[in-house]
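Structural characterization, general
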Amino acid sequence: MARAINSHPELQILFISGNYSRILSRLNRNITELDVRRANTLFQLMTILEENHHSFLIVEHDSLLY
């Protein structure tokens, strides 16, 4: 996943993670259109999804939360 994101830095990406992300530390710092949001509850996740305007959405699974 990180390789695919790094090879397309022009995409508008919304990255939703829980408490710990295994992907964020592997991303290049050249990506300018990356927004990172944390969702710790289902309500927060649903609110973030309703507000989404990005072309690419990634929800990283956190087994401790959802």
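Report follows, based on the coordinates. (Residues numbered from 1 in each chain as written. Predicted model: local features only at pLDDT ≥ 70, side-chain atom pairs only at ≥ 80, totals over all residues. Heavy atoms only, no water.)

**What about the overall build of the protein?**
Per the secondary structure count, the protein includes 2 helices and 3 strands. Listing the helices and strands of the protein from first to last along the sequence gives α-β-β-α-β. Computed over the C-alpha atoms, the radius of gyration of the protein is 12 Å, within 12% of the 11 Å expected from 2.2 N^0.38 for a compact globule of 66 residues. Taking the principal axes of the C-alpha coordinates as reference, the protein spans close to 30 × 25 × 15 Å. Relative to its full complement of 66 residues, the protein shows a buried share of 30%. (Helix = DSSP H or I, 4+ residues; strand = E, 2+ residues; numbered from the N terminus. Rg over C-alpha atoms; globule rule 2.2 N^0.38 Å. Buried < 20%, exposed > 50% of the residue type's maximum accessible area, 1.4 Å probe, protein only.)

**A word on the side chain of N6**
Tracing the sequence through the fold places N6 in helix α1 (residues 2-6). Within the structure, N6 has its side chain in polar contact with the backbone oxygen of R26 (distance 3.2 Å). If near-sequence neighbours (up to four positions away) are discounted, N6 is found in contact with R26, L27, N28 and I31. (Polar contact = N/O pair within 3.5 Å; in protein donor to acceptor, adjacent residues only side chain to side chain. Contact = heavy atoms within 4.5 Å.)

**A word on the sheet that holds strand β3 (residues 56-59)**
Reading across from one edge, β2-β1-β3 is the order of the 3 strands in this open sheet, with parallel pairing throughout. Strands with a single pairing partner mark the edges of an open sheet, and in this sheet they are β2 (34-38) and β3. Ignoring strand direction, the axes of neighbouring strands in this sheet form an average angle of 15°. Here strand β1 (residues 13-17) runs beside β3; their pairing, made up of 4 bridges, is parallel. When the bridges of β3 are listed, L14 appears paired with L57. Lying on the sheet, helix α2 (residues 42-50) is in contact with β1, β2 and β3; it crosses β1 at an angle near 175°. (Pairing = 2+ DSSP bridges. Axes fitted to C-alpha atoms, helices over the stretch in contact; angles between N-to-C directions.)

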